[in-house]
Amino acid sequence: RQDGEDYTYTIGSQDGEYSLQLPAGDYTLQADAEGFAASNKKTLTVTAGETTTVRFSSLEGPAPVNVTAMLEHDGMTERTDARITVMDSGGTTLRTVYTKPVPMGTQSFKLPPGNYTLVFNHGTNYIAEPVHKNITVQPGEPVDVTATITEELDPSERDWIGIEPHAHSGVS
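Caption draft 1: Quick peek at the overall build of the protein chain. From N to C terminus, the protein chain includes 0 helices and 12 strands. Considering the protein chain as a whole, with its 172 residues, one finds that 32% of them fall into the buried category. For the protein chain, the share of sequence-separated contacts (at least 6 apart) that also reach a separation of at least 24 residues comes to 52%. Entry remark: accessible area of the protein chain is about 11500 Å², with carbon and sulfur atoms responsible for 46%.

What follows is the structure, encoded as structure tokens:
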């Protein structure tokens, strides 16, 4: 950034090396990498005809988030399928994940360090209010989250069929 405005960007090599040709002036640099938290910002003064090196060592890597969805109904609690919406601290949806069928009601995924809200939504055979869980992810420290969803309606008790159409893909 220069004078509060984005000036340019570059993409580094596999080794994290990068190079920019900038006119003389004062800049603020920040490094980002997919799956990592953004680096601390660094200020830099570029002098005409000189080379300046800036190293970023503050990028913090992702951590595993392990979730379990439980369903409470008829006085019993058991693992269940669920849709989980991952939102950042500003409420923006980042991704949606679904629990696995085996072992039922579980899923693991990675998130960069930061604060998130996981919203557990009902699965295919019941209707329930979403359950919100706030989590903080620290670099490399696993986060285990269990959400208990209280069944409000079992469609099969009314001869309804409950479905939630969605597609699973291994493409990333």
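Caption draft 2: Focus on the nonpolar core. Val65, Leu118, Phe120 and Ile135 are the most contacted members of the largest nonpolar core, which has 22 residues in total. Residue assignment for this core shows that the elements contributing at least two residues are strand E3 (63-73), strand E5 (83-88), strand E8 (104-111), strand E9 (114-121), strand E11 (131-137) and strand E12 (143-153). Broken down by element, the residue count for this core peaks at 5 residues, all from E3. Apart from residues lying up to four places away in sequence, valine 65 is in contact with Gln107, Ser108, Phe109, Leu111, Leu118, Ile135, Val137 and Val143.

Caption draft 3: Structural view of the confidence of the model for the protein chain. A residue-level look at the protein chain finds 85% of positions with pLDDT of 70 or above and a mean pLDDT of 84. Across the protein chain, E11 holds the top mean pLDDT of 97, while strand E10 (residues 127-128) sits lowest at 78.

Caption draft 4: Highlighting the sheet that holds E9. One open sheet accounts for 4 strands, arranged E6-E5-E9-E11; its pairing is antiparallel. The sheet terminates laterally at strand E6 (93-98) and E11, the two strands that pair on one side only. Taking the axes of each pair of neighbouring strands and ignoring which way they run, one obtains an average angle of 25 degrees across the sheet. As paired elements, E5 and E6 share 5 bridges and run antiparallel to each other. What sits directly across from valine 86, in E6, is arginine 95.

Caption draft 5: Expanded view of the layout of surface pockets. Its volume calculated, the largest pocket comes out at about 1300 Å³. Lining the largest pocket are 38 residues, and of these Thr10, Tyr18, Leu20, Leu29 and Phe56 sit closest to its centre. Of all the secondary structure elements, the ones that give two or more residues to the lining of the largest pocket are strand E1 (25-29) and strand E2 (42-46). Element by element, the count of residues in the lining of the largest pocket is highest for E1, at 3 residues. Of the residues belonging to the lining of the largest pocket, the class tally is 15 nonpolar, 15 polar and 8 charged.

Caption draft 6: Focus on the environment of proline 23. Looking at where proline 23 falls in the secondary structure, it is placed in the segment before E1. A sequence separation of 23 residues divides proline 23 from valine 46, and the C-alpha atoms of the two residues are 7.1 Å apart. Sequence-distant contacts of proline 23, that is, excluding residues within four places in its chain, are made with Tyr7 and Val46.

Caption draft 7: Quick look at the environment of aspartate 6. As for its placement among the helices and strands, aspartate 6 is situated in the segment before E1. For the pair formed by aspartate 6 and threonine 28, sequence separation is 22 residues and the distance between their alpha carbons is 9.3 Å.

Caption draft 8: Focus on unusual backbone geometry. For the peptide bond that leads from valine 102 to proline 103, omega is -15 degrees, which places it in the cis range. Along the chain, the position of proline 103 falls in the loop between strand E7 (100-101) and E8.

Caption draft 9: The arrangement of the pairing of E3 in detail. E3 sits mainly inside the fold: 8 of its 11 residues count as buried. Pairing between E3 and E8: 6 bridges, direction antiparallel. When the sheet's bridge partners are listed, threonine 68 is paired in E8 with threonine 106. Hairpin remark: E3 followed by strand E4 (residues 76-79), antiparallel, with 2 residues in the connecting loop; positive phi at aspartate 74, about 50 degrees.

Reading the values: rules and limits
- Every chain's residues receive numbers from 1 upward, in the order its sequence appears when written.
- Restriction of local features to residues with pLDDT of at least 70 applies here, the model being predicted, together with a cutoff of 80 or more for giving and counting side-chain atom pairs; totals for whole chains, interfaces and linings are based on all residues.
- No hydrogens and no water enter the side-chain calculation; it runs on all heavy atoms of the structure.
- Think of it this way: any DSSP run of H or I at least four residues long counts as a helix, any run of E at least two long counts as a strand, and we number them from the N terminus.
- Per-residue accessibility, obtained with a 1.4 Å probe over protein chains only, is compared with the maximum for each type, and a residue is labelled buried under 20%, exposed over 50%, and partly exposed between these values.
- A contact between two residues is defined here by any heavy atoms of the two lying within 4.5 Å.
- With residues, only the protein chains shown are counted as cover, and all accessible areas are computed by Shrake-Rupley using a 1.4 Å probe.
- Nine residue types can take part in a nonpolar core, namely buried Ala, Val, Leu, Ile, Met, Phe, Trp, Tyr and Cys, and a core is a set of them joined through side-chain atoms within 4.5 Å.
- Note on scores: pLDDT gives the predictor's confidence for each residue, bounded by 0 and 100.
- The criterion for strand pairing is that DSSP finds at least two bridges linking the strands in question.
- Between N-to-C directions, angles span 0 to 180 degrees; the directions come from axes that are lines fitted to C-alpha atoms, helices contributing only their stretch in contact.
- Grid spacing is 1 Å over the protein atoms alone, the probe is 1.4 Å, and a cavity is where that probe fits but cannot get out, while a pocket is an open set with protein on both sides within 12 Å along at least five of seven lines and lining residues have an atom within 4 Å of a point.
- Grid points are joined across faces, edges and corners, and a volume is the space filled by probe spheres set on the points.
- Under the scheme applied, nonpolar residues are Ala, Val, Leu, Ile, Met, Phe, Trp, Tyr, Cys and Pro; charged residues are Asp, Glu, Lys and Arg; polar residues are all the others, including Gly.

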